[in-house]
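# Geometric and topological summary
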Amino acid sequence: MWTHLKRHHPETHATALKERDGNSTASRQPTVGEMFDAQRKWPNSDNRSKKIDVAIMEMIATDNQPFTVAADVGFKRLMAMLEPRYSLKSEKYYRTVVFQDVHSKVEKKIKELLTLENAGPHLSFTTDCWSGETESLMSLTCHFIDKEWKRQQIVLNVKAMHGSHTGEYISDVFLGLLKYWDIDVERVVLVLRDSGANMIKAMRLAEVPDLSCSAHTLQLVVNDGINSQRAVADIAAKLKSSATHFNHSVLAKQRLREIQKELDLPQHRIIQSVPTRWNSTLHMLESMLEQRRALTVYAGEHGKISVLTADQWTLVDNLIATLSPLEQVTLEMSRSDSTISCVIPCITVLKMLLEAEGPKTRGIGTLRDTMLKSLKGRFDKAETTRCLVLATILDPRYKGHALATATVTSAKDWIKEEHHNLIEAEKQHRAASEGQAEDPKKRRVEEEEEVEEVAGPSDMLEKMYASLLAQGGPTPGEADEEDDLLFSHQLDLYLREPLIDRQRGQPLEWWKQNSVRLPHLAKPARKFLSSPPSSVPSERVFSEVSHIYDKNRSRLTGEHAERLCFLHYNLQLLNWDY
């Protein structure tokens, strides 16, 4: 058979030989030396051992595990089974040697992402402060649109703070963080912050453009409305007291669950409202209305909770109808892909909703009027805020449709100014990179030396050609005028084109496809569409911080917490490739 294959089917014969040789190698018994090598521990300097060291450190940071996990019995057993040749190190080794090495490499990679070549000249930031049992931290998150028109969000710092959180102190910390990351203040487009007096003062002292978190402002609007109407405030207080009763009593929860089964109601728990999140009040009202019958039965059996009247339940239903659109707007502003272009359209729609009247507005007129007045007052400067207006008009989902006629006129002038500023900034950057911005004294000496040189015939001829050909070119003033005409044409063309779908449309993808066609508008769009509408990205960081400061990390320092949080977010951002 083998001879037949070799003579008449050489390709099949070669393949069969490879398979036979491979099977014989796989079935070969290991030598004594190979058996010992399979059990011999790797030295710490071995590259395979170092890779596992790094992988363990990455796991600790990614999963918010304590460093002491390396000493856990179960973890030791798992590692011994997976790779018996690897020697587990002490908790101190991972916390000092490996931790520092991984952090420095990731930090270097993040700095590369923030360069002008990748992130562009414009960066936006969100910042917030958080106080725990042992530490106070300040977060700084960077937002930009990269050269591929993809939105990027990078957690730069969760900085440990010491002393009183005054405006001066926060300003110094903020500017210090920018300096640490080699970010010039001129690159800052906007800083989203909360409405605290110290944060407002800090950004003023830092002399950077800033804006209050839109989600926080909506929280204040809702609070103003609920507190304005005594009947609504009383209902909210009664329901909150009932929710507290069920959340603090296991027996009450169990009996409520039995009643839910008997009445064939959804077996949902009663939601407790939280002062810092207004939508938790809405969720509490919704859960109470859903379990209305079960609550009535429970109150009849045990008392202990207040029962609402039929009119009060109607008020609750109407209140839910009023607050639900505000929650939708809050969620839209809190999405990771949201931009400040949604602020003006969202506020305009909310005003229209609060001004409308219908069956669901009865009994809560005072609340709605107060919320409308508060909404107008707190966002009264929205259409005069340059960054908000430009982001809105440069978003192909809205353009000028969400703006007043006078605001659109101002927006056109502002975009033109931005275009000129960007061109001038590019010229200066190009001159600096090409070495043209050199010492004037040195330049004069070189010019004098050039004058002293005797020009040859060929040099004179080239000068004559240059003078002749330059005569027909446009003057600097004419070139500027042509550029202005081209800009106006692109802007008019853009505004006349139809809008893209508000929900399914992707503004950045649209600009990626049209940036070559509308280059004069693409650069301002990349600048102003980078800013988020709220400081929620920085607040989410503190949710992870609360996991980092757990009972197994009672001795964790602020510096280590900062670096762990930095790695937790950025290792995943880099896909563990650094």
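Before reading further, recall that the structure is shown in the block above.
Residues numbered from 1 in each chain as written. Predicted model: local features only at pLDDT ≥ 70, side-chain atom pairs only at ≥ 80, totals over all residues. Heavy atoms only, no water.

When you go through the chain residue by residue, the secondary structure sums to 26 helices and five strands. Expressed as a percentage of its 578 residues, the buried residues of the chain come to 42%. Summed over its atoms, the accessible surface of the chain is roughly 32,100 Å², and 53% of this surface lies on carbon and sulfur atoms. (Helix = DSSP H or I, 4+ residues; strand = E, 2+ residues; numbered from the N terminus. Buried < 20%, exposed > 50% of the residue type's maximum accessible area, 1.4 Å probe, protein only. Areas by Shrake-Rupley, 256 points an atom, 1.4 Å probe, with all protein chains shown as cover.)

Moving on, we come to the layout of surface pockets. Of the pockets and cavities examined, the largest pocket occupies roughly 830 Å³. Lining of the largest pocket is provided by 29 residues; of these, Leu116, Gly120, Pro121, His122 and Ala425 occupy positions nearest its centre. Sorting the residues of the lining of the largest pocket by element identifies α7 (116-119), α19 (405-433) and α24 (519-528) as the ones contributing at least two each. Take the lining of the largest pocket: its biggest share by element is eight residues, from α19. Of the voids in this model, the second largest pocket is the one considered here, and its volume is about 640 Å³. (1 Å grid on protein atoms, 1.4 Å probe; cavity = no way out; pocket = protein on both sides within 12 Å on 5 of 7 lines; lining within 4 Å. Points joined across faces, edges and corners; volume = space filled by probe spheres on them.)

Among the structural elements, Thr322 can be located in helix α15 (residues 310-334). Separated by 2.9 Å, the side chains of Thr322 and Arg368 make a polar contact. Among residues more than four places away in sequence, those in contact with Thr322 are Leu354, Lys360, Ile364, Leu367 and Arg368. (Polar contact = N/O pair within 3.5 Å; in protein donor to acceptor, adjacent residues only side chain to side chain. Contact = heavy atoms within 4.5 Å.)

Our focus in this paragraph is a positive patch on the surface. The grouping of Lys253, Arg257, Lys261 and Arg269 at the surface amounts to a positive patch. Mapped onto the secondary structure, Arg257 falls in helix α12 (residues 250-262). Judged by relative accessible area, which is 38%, Arg257 ranks as partly exposed. (Patch = residues over 30% accessible without salt bridge, like charges linked within 9 Å, V, L, I, M, F, W, Y side chains within 5 Å. Salt bridge = Lys/Arg side-chain N within 4 Å of Asp/Glu carboxyl O. Lys, Arg positive; Asp, Glu negative; His and termini not counted. Charge placed at Lys NZ, Arg CZ, Asp CG, Glu CD.)

The next subject is the nonpolar core. Within the largest apolar cluster, 80 residues are counted, with the highest numbers of intra-cluster contacts made by Leu239 and Trp511. Residues within four places of Trp511 in sequence aside, it is in contact with Trp149, Leu394, Pro396, Tyr494, Leu518, Leu521, Ala522, Ala525 and Leu529. Of all hydrophobic cores here, the second largest spans 58 residues; its members include Ala70, Leu178, Phe542 and Cys565. (Core = buried A, V, L, I, M, F, W, Y, C linked by side-chain atoms within 4.5 Å.)

Here we come to the packing of helix α11 (residues 230-248) against α15. At a closest axis distance of 11 Å, the pairing of α11 and α15 adopts a crossing angle of 95°. Our classification of the angle between α11 and α15 gives roughly perpendicular. Across the interface between the two elements, Ala231, Val232, Ile235, Lys238 and Leu239 of α11 pack against Gln312, Trp313, Leu315, Val316 and Leu319 of α15. (Axes fitted to C-alpha atoms, helices over the stretch in contact; angles between N-to-C directions. Parallel < 35°, antiparallel > 145°, perpendicular 65-115°, else oblique.)

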